[in-house]
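Next come the chains, spelled out residue by residue.
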Amino acid sequence: MPQWLCNQLMRAFQNKNRRQIRLLNDSWFFYRTRRSQEEWPDTQSTDGPGKRKY
């Protein structure tokens, strides 16, 4: 996780800003999911990384 995102999450938790926590959390999972799909373009979502469909 990038340091800037960690800082923003910590600030959101300290301020008890639920809206920003949800936004940052959703953004992180979207980014992570998108990036894993780019690294493994020929995998199925149920197989997990590294398993190829034949």
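Here, the structure is the one placed above.
The present account deals with the structure reproduced in this document. The structure displayed is predicted, hence computed values, not measured ones.

### A few points about unusual backbone geometry
(1) Moving on: Phi at Lys16 takes a positive value of approximately 55 degrees, unusual for a residue other than glycine.
(2) Moving on: The class of Lys16 is exposed, set by a relative accessible area of 71%.

### A word on the packing of helix 1 (residues 3-14) against helix 2 (residues 18-39)
(1) Moving on: Two elements in contact, helix 1 and helix 2, have axes separated by 9 Å at closest approach and are oriented at 155 degrees. Taken together, the axes of helix 1 and helix 2 are roughly antiparallel relative to one another. The way helix 1 lies across helix 2 gives a crossing that is left-handed. For the pair helix 1 and helix 2, contact is made by Leu5, Gln8, Leu9, Ala12 and Phe13 and by Gln20, Ile21, Leu24 and Trp28, respectively.

### Remarks on the nonpolar core
Side chains of nonpolar character tend, in soluble globular proteins, to be buried together.
(1) Moving on: Listed in full, the six residues of the largest apolar core are Leu5, Leu9, Ala12, Ile21, Leu24 and Trp28.
(2) Moving on: Broken down by secondary-structure element, the contributors of at least two residues to this core are helix 1 and helix 2.
(3) Moving on: Each residue touching Leu24, except ones within four places of it in the same chain, is listed here: Leu5, Gln8, Leu9 and Ala12.

### Re helix 1
(1) Moving on: In this model, helix 1 (twelve residues) spans 16 Å end to end at C-alpha, consistent with the 16 Å of a helix rising 1.5 Å per residue.
(2) Moving on: Of the residues making up helix 1, those classed as buried are Leu5, Leu9 and Ala12. Down the axis of helix 1, the smallest arc covering the buried residues is 65 degrees, so these residues share one side. Exposed and oriented more than 90 degrees from the buried face of helix 1 are Gln3, Trp4 and Gln14.
(3) Moving on: In this structure, the buried residues of helix 1 make contact with helix 2.
(4) Moving on: One or two positions beyond helix 1, positive phi appears at Lys16, with a value near 55 degrees.

About the criteria used
- Residues numbered from 1 in each chain as written.
- Predicted model: local features only at pLDDT ≥ 70, side-chain atom pairs only at ≥ 80, totals over all residues.
- Heavy atoms only, no water.
- Buried < 20%, exposed > 50% of the residue type's maximum accessible area, 1.4 Å probe, protein only.
- Axes fitted to C-alpha atoms, helices over the stretch in contact; angles between N-to-C directions.
- Helix = DSSP H or I, 4+ residues; strand = E, 2+ residues; numbered from the N terminus.
- Parallel < 35°, antiparallel > 145°, perpendicular 65-115°, else oblique.
- Left-handed = near helix turned anticlockwise from the far one by under 90°.
- Contact = heavy atoms within 4.5 Å.
- Core = buried A, V, L, I, M, F, W, Y, C linked by side-chain atoms within 4.5 Å.
- Expected span 1.5 Å × (residues − 1).
- Arc of directions from axis to C-beta.

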